[in-house]
Amino acid sequence: MKDSFTPIGLLLLDIIDTTPSLFHDLVFKSRKHDKYLNLLYSYIQSDQAKGYLRESFDDDIITYLYSSLEYIAYQYRQNKGLDESAEREIFKKMAEVFFFGLYKDGIEDEIR
């Protein structure tokens, strides 16, 4: 399963596996200078530069929303008693509903 994750996803998975409480702090207490949020911010800026994102959204806000969604997917899996392999699918479903609203129409298929 881990071979299908992006480098950011692998970093996130390692953080979750070793210290879930640290992950909570990264999502809800960190600032832009933290390693995890910097990686997400770079990813968001790359998508923005490629023209994938709507121009009206702020990169910092998108980064926070993305990291929050990752945490919510983790918490959902934990609360439902699902195993680790379900988390990626949970995140994809949540992103489908929530995150892709940030992307321009038609871009979704191009970046998947």
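Structure: see above.
Worth saying up front: this structure is predicted, and the values here are computed from it rather than measured.

1. A short note on the side chain of Thr63
Right, so step 1: Note that Thr63 resides in helix 4 (residues 59–80).
Right, so step 2: Thr63 gets classed as buried once you look at its relative accessible area, which sits at 5%.
Right, so step 3: Every residue in contact with Thr63, bar those within four places of it in the chain, is listed here: Leu37, Leu40, Tyr41 and Ile44.

2. Let's talk about the pattern of salt bridges
Right, so step 1: Applying the stated criterion across every chain, the model contains two salt bridges.
Right, so step 2: Of the charged contacts, one joins Arg77 and Glu87 as a salt bridge, the two residues approaching to 2.7 Å between their closest N and O atoms. In this pair, Arg77 is assigned in helix 4 and Glu87 in helix 5 (residues 87–97), connecting sequence segments ten residues apart.
Right, so step 3: Under the relative-accessibility criterion, Arg77 is labelled buried at 8%.
Right, so step 4: In this structure Glu87 comes out as buried when scored by relative accessible area, which is 8%.
Right, so step 5: Residue Lys92 is joined to Glu89 by a salt bridge in which the shortest nitrogen-to-oxygen separation is 3.9 Å. Here the residue Lys92 and the residue Glu89 both occupy positions in helix 5, the gap between them amounting to three residues, near one helical turn.

3. Points about the packing of aromatic side chains
Here the distance between the centres and the angle between the planes together describe a pair of aromatic rings.
Right, so step 1: Following the criterion strictly, the structure yields three aromatic pairs and no others.
Right, so step 2: Taking the centre distance of 6.0 Å and the plane angle of 55° together, the rings of Tyr43 and Tyr66 count as tilted. Of this pair, Tyr43 sits in helix 3 (residues 35–49) while Tyr66 sits in helix 4, and the two are 23 residues apart along the sequence.
Right, so step 3: Classification of Tyr43 as partly exposed rests on a relative accessible area of 33%.
Right, so step 4: Under the relative-accessibility criterion, Tyr66 is labelled buried at 11%.
Right, so step 5: Ring geometry for Tyr66 against Phe91: centres 5.4 Å apart, planes inclined by 70°, an arrangement best described as edge-to-face. With a gap of 25 residues between them, Tyr66 in helix 4 and Phe91 in helix 5 connect regions that are remote in the sequence. Take Tyr66 and Phe91: they sit in the same class, and that class is buried.
Right, so step 6: Three or more aromatic residues link up through ring pairs in this structure, and these residues are Tyr43, Tyr66 and Phe91.

Calculation rules
- Along each chain, the written sequence defines residue order, and numbers are assigned to residues from 1.
- Totals for whole chains, interfaces and linings use every residue, but because this is a predicted model, local features are given only for residues with pLDDT of at least 70 and side-chain atom pairs only at 80 or more, for both listing and counting.
- Just so you know, side-chain values use all the structure's heavy atoms and leave hydrogens and water out.
- Helix numbers and strand numbers start at the N terminus; a helix is a DSSP run of H or I with at least 4 residues, a strand a run of E with at least 2.
- For every residue, the accessible area obtained with a 1.4 Å probe (protein chains only) is divided by the maximum for its type, and the residue is called buried under 20%, exposed over 50%, and partly exposed between those limits.
- Note on contacts: a residue pair qualifies if any of its non-hydrogen atoms lie within 4.5 Å across the two residues.
- Any Lys or Arg side-chain nitrogen located within 4 Å of an Asp or Glu carboxyl oxygen qualifies as a salt bridge.
- Centres within 6.5 Å make a pair out of two Phe, Tyr or Trp rings, where for Trp the six-membered ring is used; the pair is then stacked when the planes are under 30 degrees apart, edge-to-face when over 60, and tilted otherwise.

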